[in-house]
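Architecture at a glance
This is what each chain is made of:
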Amino acid sequence: DTRDMKIDIVPYQSYPVIYLVGDATPNGWNIGDATPMVASTDVNVLTWTGQLNAGEIKFSCDKQSDWNGDWFTASVADMFPSGEAQQMIYTQKGSGLDYKWKVTQAGTYKIVLDQLKETVTFSKQ
């Protein structure tokens, strides 16, 4: 608020489950049946290993049936998974750009998502 010279800072809180959504994922664009990631010993880091198809993927933080929830999305449109940690964008209640990762090679992948650092790594197995 520049008029009153005040700033509100929302405290960070990790999500206990993050979900894979998109036609690259096992359950496609069905958000009600989105694929959950598994929490590790670090509450900020979640992992998932499984088959990805060629297609798009993004991450739902709260699996809202109206699609107006919180998301982790790619930092640019059609970002290719590089095998290295890539920056994500956190958007609250659908407030940001709807960028996705574009998986071009189907196969088994391990995905490691770090909520605190806002990074994700796709490693083809």
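In the block above lies the structure referred to throughout.
We now turn to the structure provided with this report. Source: prediction; values computed, not measured.

Rules used throughout
- Residues numbered from 1 in each chain as written.
- Predicted model: local features only at pLDDT ≥ 70, side-chain atom pairs only at ≥ 80, totals over all residues.
- Heavy atoms only, no water.
- Helix = DSSP H or I, 4+ residues; strand = E, 2+ residues; numbered from the N terminus.
- Rg over C-alpha atoms; globule rule 2.2 N^0.38 Å.
- Buried < 20%, exposed > 50% of the residue type's maximum accessible area, 1.4 Å probe, protein only.
- Contact = heavy atoms within 4.5 Å.
- Pairing = 2+ DSSP bridges.

1. What about the overall build of the chain?
Helix and strand counts for the chain stand at 0 helices and 10 strands. Counted from the first residue to the last, the chain has its helices and strands arranged as β-β-β-β-β-β-β-β-β-β. At 15 Å, the chain has a C-alpha radius of gyration in line with the 14 Å of a compact globule built from 125 residues. Overall size of the chain, expressed as C-alpha extent along the three principal axes, is 55 × 30 × 25 Å. Sorting the 125 residues of the chain into buried and exposed places 38% on the buried side.

2. Comments concerning the side chain of Thr 91
Mapped onto the elements of the fold, Thr 91 is located in strand β7 (residues 86-91). Its relative accessible area of 6% is what places Thr 91 among the buried residues. When neighbours within four sequence positions are excluded, Thr 91 is seen to be in contact with Gly 69, Asp 70, Trp 71, Gly 96 and Leu 97.

3. Quick word on the pairing of β7
One ladder, built from 4 bridges, connects strand β6 (residues 71-74) with β7; its direction is antiparallel. When the sheet's bridge partners are listed, Trp 71 is paired in β7 with Thr 91. Looking at chain direction, β7 and strand β10 (residues 119-124) are connected through 2 bridges and run antiparallel. Looking at β10, one finds that Gln 87 is bridged to Thr 119.

4. Focus: the pairing of β10
Relative to β10, strand β9 (residues 107-114) runs antiparallel, the two being bridged by 6 bridges. Bridging across to β10, Asp 114 finds its partner in Thr 119. Two successive antiparallel strands, β9 and β10, enclose a turn made up of 4 residues, where Glu 118 displays a positive phi of approximately 55 degrees.

Fair warning: the whole summary comes from geometry, so function is off the table for now.
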